[in-house]
Amino acid sequence: ILNVEQSPQSLHVQEGDSTNFTCSFPSSNFYALHWYRWETAKSPEALFVMTLNGDEKKKGRISATLNTKEGYSYLYIKGSQPEDSATYLCAFNSGYSTLTFGKGTMLLVSP
Amino acid sequence: DTAVSQTPKYLVTQMGNDKSIKCEQNLGHDTMYWYKQDSKKFLKIMFSYNNKELIINETVPNRFSPKSPDKAHLNLHINSLELGDSAVYFCASSQAGVSGNTIYFGEGSWLTVV
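As a starting point, this report considers the structure included with it. (Residues numbered from 1 in each chain as written. Chains lettered and ligands numbered in written order. Predicted model: local features only at pLDDT ≥ 70, side-chain atom pairs only at ≥ 80, totals over all residues. Heavy atoms only, no water.)

### Here we look at unusual backbone geometry
Here's step 1: Each neighbour pair has its own omega, and for serine 7 of chain A with proline 8 of chain A the value is -5 degrees, a cis peptide bond.
Here's step 2: By the secondary structure assignment, proline 8 of chain A is in the loop between strand S1 (5-7) and strand S2 (10-14).
Here's step 3: Of note, the bond from threonine 7 of chain B into proline 8 of chain B is cis; its omega dihedral lies within 30 degrees of zero at 0 degrees.
Here's step 4: With respect to the helices and strands, proline 8 of chain B occurs in the loop between strand S1 (4-7) and strand S2 (10-13).
Here's step 5: Backbone geometry places asparagine 29 of chain A, a non-glycine residue, at a positive phi of 55 degrees.
Here's step 6: Not every positive phi belongs to a glycine, and serine 80 of chain B is a case in point at roughly 45 degrees.
Here's step 7: Summarising the element assignment, serine 80 of chain B is placed in the loop between strand S8 (75-78) and strand S9 (87-94).
Here's step 8: Residue classification places serine 80 of chain B among the partly exposed positions, given a relative accessible area of 39%. (Helix = DSSP H or I, 4+ residues; strand = E, 2+ residues; numbered from the N terminus. Buried < 20%, exposed > 50% of the residue type's maximum accessible area, 1.4 Å probe, protein only.)

If you want it as structure tokens, here you go:
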């Protein structure tokens, strides 16, 4: 059974704060690590697909890093805005056609 | 244009009924999936179809059956619905499997069995 853990479970920050979340995954049989942003009643939206150890990806104010040897990825949001409020999911792919998802980190950004 | 669309979005039905959830993708992808958000809020794979062949079938009850009339559609049929089937079901698609490829999700179908 693959275990993908995300922390914290939820986070409440003020507008303008920078924040980060952690995703832990098995360090063996790694193929890819996916990050998704999910607003309730909407489709989970892909943010990043990361495949190489040391990968760093950026999309606007959001960035992510990947350490496959120790089995973790960080997602950073710089200068959080209320529209960043969502659940952020990471998902681990071990090379088979399936993703194992974490429970997500629920972010609330207050104005 | 919605890339992955699924209908209905909300479905309330009685135990014992048979129901279907439809899914269509207009991205030209060759792999489609059904995921279920379980009671602990995890998204878990149910089925995966590639070129009309089932390539993953997780340990779901055989009351659940995916049907793919063509590459752009993967419908989920559920027979003899039970209370425990109440969940959110997500359709998704990707090009050539998820390994390193982005997976695109529908908005989910909220199924409530009463």
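### Considering the interface of chain A and chain B
Here's step 1: The interface is formed by 22 residues belonging to chain A together with 23 residues belonging to chain B.
Here's step 2: With both chains or domains summed, chain A and chain B bury close to 1,800 Å², and 65% of this area falls on carbon and sulfur atoms.
Here's step 3: Across the contact surface, chain A and chain B share 0 salt bridges.
Here's step 4: For the pair chain A and chain B, the interface holds 5 residue pairs in polar contact (both at pLDDT 80 or more).
Here's step 5: Listing elements by their share of the side of chain A that touches chain B, those giving two or more residues are strand S4 (32-38), strand S5 (45-50) and strand S9 (86-93) of chain A.
Here's step 6: No other element matches the 4 residues that S4 of chain A contributes to the side of chain A that touches chain B.
Here's step 7: The class makeup of the residues in the side of chain A that touches chain B is 12 nonpolar, 8 polar and 2 charged. (Contact = heavy atoms within 4.5 Å. Buried area = accessible area lost by both parts, 1.4 Å probe. Salt bridge = Lys/Arg side-chain N within 4 Å of Asp/Glu carboxyl O. Polar contact = N/O pair within 3.5 Å; in protein donor to acceptor, adjacent residues only side chain to side chain. Nonpolar A, V, L, I, M, F, W, Y, C, P; charged D, E, K, R; others polar.)

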